[in-house]
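Residue strings, one per chain:
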Amino acid sequence: MWLLVSIESLSQVVPNRPLCYSLFVPAPAISRSDRLAALKPTAVNAILAEMRAFQAQGGDLVSLMRGEPDLPTPPHIVEACTRALRDGRTGYPDNRGEKTFREAVARKLQRDNQLDFDPATEVLATSGSTFGIYAALTALLNEGDEVLLPDPVYDAYQSPIRLAGGRVKPVTARIEQGRFVITDEALEAAWSPAARVLILNTPWNPVGTVLTRGELIGIARFCERRNLIMLSDEIYEAITYGDCLHVSPLAIAPQLRDRCVLINSLSKTYSMTGWRVGYCAGPAPLIQAMFLVLAQSSRGPATFVQDAAAEALSGSQDCVASMREEYARRRQQVLSSLSGVRVLSPEGGFFAMVDVRDSGIPSDEIRRRLMHDHGVAVVHGAAYGAAGEGTLRVSFASGGATLARGLERLRAGLAQILGSSR
Ligand SMILES: Cc1ncc(COP(=O)(O)O)c(C=O)c1O
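Residues numbered from 1 in each chain as written. Predicted model: local features only at pLDDT ≥ 70, side-chain atom pairs only at ≥ 80, totals over all residues. Heavy atoms only, no water.

Undergrad: Residue-level account of the confidence of the model for the protein chain, with values.
TA: This prediction gives the protein chain a mean pLDDT of 93; 93% of its residues lie at or above 70. Low pLDDT, under 50, characterises residues 1-22; the predicted model gives this stretch 29 contacts beyond four residues in sequence or across chains. (pLDDT = per-residue confidence, 0-100. Contact = heavy atoms within 4.5 Å.)

Undergrad: Just give me the short version of the packing of aromatic side chains, but keep the residues and values in it.
TA: Enumeration over the complete set of coordinates arrives at nine aromatic pairs. A centroid spacing of 5.5 Å and a plane angle of 50° characterise the contact between Phe131 and Tyr134, whose relative ring orientation is tilted. Of this pair, Phe131 and Tyr134 both sit in helix α5 (residues 128-140), three residues apart, which is roughly one turn of that helix. With a relative accessible area of 11%, Phe131 lands in the buried category. By relative accessible area, Tyr134 is classed as partly exposed at 29%. Members of the aromatic cluster, joined through ring pairs, are Tyr236, Tyr327, Phe350 and Phe351. When the ring centre of Phe291 is taken as origin, the NZ or CZ atom of Arg96, which lies over that ring, is 4.2 Å away. Positioned above the aromatic ring of Trp191, the side-chain terminus of Arg226 is 3.8 Å from the ring centre. (Phe/Tyr/Trp six-rings, centres within 6.5 Å; stacked < 30°, edge-to-face > 60°. Helix = DSSP H or I, 4+ residues; strand = E, 2+ residues; numbered from the N terminus. Buried < 20%, exposed > 50% of the residue type's maximum accessible area, 1.4 Å probe, protein only. Lys NZ or Arg CZ within 6 Å of the ring centre and 35° of its normal.)

Undergrad: Explain a nonpolar patch on the surface to me, using residue names and the numbers behind them.
TA: On the surface, Leu36, Leu39 and Leu163 cluster together into a nonpolar patch covering about 210 Å² of accessible area. You can see Leu36 is positioned in the loop between β2 (21-26) and α2 (43-56). The class for Leu36 is partly exposed, based on a relative accessible area of 37%. (Patch = residues over 30% accessible without salt bridge, like charges linked within 9 Å, V, L, I, M, F, W, Y side chains within 5 Å. Areas by Shrake-Rupley, 256 points an atom, 1.4 Å probe, with all protein chains shown as cover. Salt bridge = Lys/Arg side-chain N within 4 Å of Asp/Glu carboxyl O.)

Undergrad: Any chance you could break down the site of the ligand for me, citing the residues and the numbers?
TA: Residues in close proximity to the ligand total 14 residues, the closest being Thr130, Asp233, Tyr236, Ser265 and Ser267. Contact distances for the ligand include 2.8 Å between an oxygen atom and a side-chain N or O atom of Asn205. In this structure, Ser267 approaches the ligand through a side-chain N or O atom, which is 2.7 Å from an oxygen atom. Starting from 400 Å² of accessible surface for the ligand in isolation, the protein chains cover 92%. The dominant element in the shell around the ligand, judged by the number of residues it contributes, is α5, at three residues. Across the shell around the ligand, the residue classes tally to four nonpolar, seven polar and three charged. (Near = heavy atom within 4 Å. Polar contact = N/O pair within 3.5 Å; in protein donor to acceptor, adjacent residues only side chain to side chain. Nonpolar A, V, L, I, M, F, W, Y, C, P; charged D, E, K, R; others polar.)

Undergrad: Outline the pattern of salt bridges, supporting the account with residue identities and numerical values.
TA: Any two side chains of opposite charge can pair, on the condition that their charged atoms come close. Under the definition given, this model contains 32 salt bridges. Ionic pairing is found between Glu50 and Arg367, a salt bridge with its closest N-O pair at 3.0 Å. Separated by 317 residues along the polypeptide, Glu50 in helix α2 and Arg367 in helix α13 (residues 363-374) bring together distant segments of the chain. Its relative accessible area of 2% is what places Arg367 among the buried residues. Residues Asp307 and Arg89 are paired through a salt bridge, measuring 2.7 Å at the closest nitrogen-oxygen approach. Here Arg89 lies in the loop between α3 (75-86) and α4 (99-113) and Asp307 lies in helix α11 (residues 303-314), a separation of 218 residues in the sequence. Note on Asp307: relative accessible area 16%, which makes it buried. On the basis of relative accessible area, Arg89 is assigned to the partly exposed category, the value being 27%.

Undergrad: With reference to specific residues and values, describe the nonpolar core.
TA: Of all hydrophobic cores here, the largest spans 116 residues; its most connected members are Phe101, Leu231, Leu266 and Leu410. Leave out the neighbours within four places in its chain, and Leu266 touches Phe101, Ser271, Met272, Val277, Gly278, Tyr279, Ala309, Ala312 and Leu313. Formed by 13 residues, the second largest nonpolar core is a distinct cluster that contains Leu48, Met51, Phe54 and Leu61. (Core = buried A, V, L, I, M, F, W, Y, C linked by side-chain atoms within 4.5 Å.)

Undergrad: How would you sum up the packing of α3 against α11? Please name residues and give values.
TA: Put simply, α3 and α11 touch, their axes get as near as 8 Å, and they point 145° apart. Between α3 and α11 lies a crossing whose hand is right-handed. In this structure, α3 contributes His76, Ile77, Ala80, Cys81, Ala84 and Leu85 to the contact, and α11 contributes Phe304, Asp307, Ala308, Glu311 and Ala312. Partitioned by chemical class, the residues of the contact of α3 with α11 number eight nonpolar, one polar and two charged. (Axes fitted to C-alpha atoms, helices over the stretch in contact; angles between N-to-C directions. Left-handed = near helix turned anticlockwise from the far one by under 90°.)

Undergrad: Which residues make up the sheet that holds strand β14 (residues 351-355), and what are the values?
TA: Pairing is antiparallel across the open sheet formed by four strands, whose spatial order is β13-β14-β17-β16. Strands at the two margins of the open sheet, each flanked by one partner only, are β13 (343-344) and β16 (379-380). The pairing of β16 with strand β17 (residues 391-395) spans two bridges and is antiparallel. Residue pairing for β17: His380 is matched across the bridge by Leu392. (Pairing = 2+ DSSP bridges.)

Below is the structure:
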């Protein structure tokens, strides 16, 4: 294989020659790790690439696709960060997490989740929950171990499972009375002697279910019965609607204490997606194992970011309440705008699932037609697992004109696509 190399600097050496010089050199043979075969881009990233190609050809597009809050990080958190920077808090962090941050996490878990964790040994600061998930899976899995994963679910769980040598075992959820549920039968059907971990996400991306106490008790009993570790991703805990309040599985099933890692982050609760800060809490030996993974890779969030995150968790929570009200308004806007189609009312999170099963058209095809013919981007439910087929995920993480225009296009597009399928 040959590589075309351009030497632009030569045009400066020879100023009257505006063209750069090119020459061919043999390319080094780059052999990639076999492990890379396990990785695949998330649905959002794949659709983003498709959107860019569409826009590059002049396509006009509104995105109701990403789970990225458009609200700014609250000013008192930004101020805490700049204060930390001014105070010279720019050195290496304690890799386990700065003491002030770990203590703030422990107080938060006690205040909001009624959980007691020792900040010295049972809490780990991570670069978002993404790293918490990665560290937990890497610390836990051996080659061929199975990880039970609700289907449909946030698709970015898949690659780190495979990268750690694990195998994904879908737990097929189904729609009952307008919400996705996980039954005991589905859990048992997915289980095999190779199963080691169950990942749970409540409030549940993409489907919007907030698991009830009764449901959580059933799932906790299953984990105990089958000797599974539970990874509980609670990143949407603050975004719930009406009577559907988030309950941490550990709070109602203390018997999980030795077999559960709580994973959370400040990304959604405080609109801090770009800060890359989160935390895990769990039994000391498991947190220690995750720490070993972290110490060989990210080494934790920046020191001044952890100071700001400690302020976010410890300071006034009014910003969280007003954010929740804003998402509740947007949720209502989605439900009103799409009143002509079947939508699963979200109990939590900032996604609504449109139920297009009756059309018989694959969700990916509807998504493509919505993008190319109607200028609106959503995610097809099948991207989150086979049980998501027949649904579309609509994000209201962005509001204002984006949401209004996007919903208008979506309403018109669905009317045409679904109308013609009847
Ligand atoms: C369910 C779920 N878990 C984890 C993440 C990753 O979040 P972060 O790494 O920003 O904390 C996301 C992001 O969209 C998510 O939806």
